[in-house]
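# Topology and contacts: notes
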Amino acid sequence: MSELRNLDEKLGEVLGLAQAAKGATQKVGKLAEEDERRRLLDQMTEEAEETARRCETVLDDAAFDGRKTAILAQARETRQEATEMMSTYLGDDADELDGFEFLVMAEAGEVGHWKILDTLNERAGIAAVRELTSYAIPVQDRHEQLARETALAIAGAEDPLAVS
Ligand SMILES: [Fe+2]
């Protein structure tokens, strides 16, 4: 398998994170107690799928000739690591707030990776990657913001002195 360049590795990571995000939003959807929050998570699941699809399309660009298999392997590894992290964080006793707390971390991590990919591509100048990051960064920024606002809304509605 060909060696991964820095940009290839980061592209594999954002793909793996998008694949893991699909599973995470579905899992938190099962913990959600209100229809509005479930709808929000459904939309995030769809956008994670769309993001992964767009990453896969970019792998067919000539800039990644001969590297697709290695990048997909990187994506699998990242997906597995992120999914293990979720299983550790969200055990059997996880509640809705735990779910959104996990998403606050996961979405912030995704945003960070996307901005790093975008920065790497400033010098590489691959048009297909530029198009991909300009789609994904606003989407991921919004996910991070929604996860944080929802976690705070749930926390604000909890009785701080009750025993859970
Ligand atoms: Fe996301």
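The structure this text deals with has already been given above.
Now for a quick tour of the structure. (Residues numbered from 1 in each chain as written. Predicted model: local features only at pLDDT ≥ 70, side-chain atom pairs only at ≥ 80, totals over all residues. Heavy atoms only, no water.)

## Overview of the overall build of the protein
- Looking only at helices and strands, the protein has 5 helices and 0 strands in total.
- Secondary structure of the protein in N-to-C order comes out as α-α-α-α-α.
- Across its three principal axes, the protein shows a C-alpha extent of roughly 55 × 25 × 20 Å.
- Buried positions account for 42% of the 164 residues belonging to the protein.
- In the structure as shown, the protein presents an accessible area of about 9,200 Å², 49% of it carried by carbon and sulfur atoms.
- Across the protein, the centroid of the 19 positively charged side chains sits 6 Å from that of the 36 negatively charged ones. (Helix = DSSP H or I, 4+ residues; strand = E, 2+ residues; numbered from the N terminus. Buried < 20%, exposed > 50% of the residue type's maximum accessible area, 1.4 Å probe, protein only. Areas by Shrake-Rupley, 256 points an atom, 1.4 Å probe, with all protein chains shown as cover. Lys, Arg positive; Asp, Glu negative; His and termini not counted. Charge placed at Lys NZ, Arg CZ, Asp CG, Glu CD.)

## Side note on helix H4 (residues 96-124)
- Its 29 residues give H4 an end-to-end C-alpha distance of 42 Å, which sits within 8% of 42 Å, the value for a rise of 1.5 Å per residue.
- Every buried residue belonging to H4 is among Glu 96, Leu 97, Gly 99, Phe 100, Phe 102, Leu 103, Glu 107, Glu 110, Val 111, Trp 114, Leu 117 and Asn 121, and all of these are buried.
- Buried residues belonging to H4 abut helix H1 (6-31), helix H2 (35-58), helix H3 (68-89) and helix H5 (127-157).
- Sitting at the head of H4, Asp 95 places a side-chain oxygen 3.2 Å from the backbone nitrogen of Leu 97.
- Downstream of H4 by a residue or two, Gly 125 has a phi angle that is positive, lying close to 65 degrees. (Expected span 1.5 Å × (residues − 1). Contact = heavy atoms within 4.5 Å. Polar contact = N/O pair within 3.5 Å; in protein donor to acceptor, adjacent residues only side chain to side chain.)

## Focus on the coordination of the iron ion
- The iron ion binds to the protein through Glu 107 (OE), Glu 110 (OE), Gln 140 (OE1) and His 143 (ND1), with metal-donor distances spanning 2.1 to 2.4 Å.
- Relative to the metal, the 4 donor atoms surrounding the iron ion lie at angles of 78 to 175 degrees, and the coordination shape comes out irregular.
- In primary sequence terms, the donor set of the iron ion follows E-x2-E-x29-Q-x2-H. Here Glu 107, found in helix H4, pairs with His 143, found in helix H5; they are 36 residues apart in sequence, far enough to count as distant. The residues Glu 107 and His 143 share a single accessibility class, namely buried. (Donors = N, O, S within 2.8 Å, 3.2 Å for Na, K, Ca; no water. Tetrahedral: all angles 85-135°; square planar, octahedral: opposite > 155°, others 65-115°.)

## Overview of the packing of H2 against H5
- It is at 11 Å that the axes of H2 and H5 come closest, and there the two elements cross at 160 degrees. Here H2 lies roughly antiparallel to H5, going by the angle between them. Seen from above, H2 lies across H5 with left-handed handedness. Here Arg 37, Leu 40, Gln 43, Met 44, Glu 47, Glu 50, Thr 51, Arg 54, Cys 55 and Val 58 of H2 lie close against H5, whose contacting residues are Ala 128, Val 129, Leu 132, Tyr 135, Ala 136, Val 139, Gln 140, Arg 142, His 143, Leu 146, Thr 150 and Ile 154.
- Among the residues making up the contact of H2 with H5, the classes are represented as 12 nonpolar, 5 polar and 5 charged. (Axes fitted to C-alpha atoms, helices over the stretch in contact; angles between N-to-C directions. Parallel < 35°, antiparallel > 145°, perpendicular 65-115°, else oblique. Left-handed = near helix turned anticlockwise from the far one by under 90°. Nonpolar A, V, L, I, M, F, W, Y, C, P; charged D, E, K, R; others polar.)

Fair warning: the whole summary comes from geometry, so function is off the table for now.
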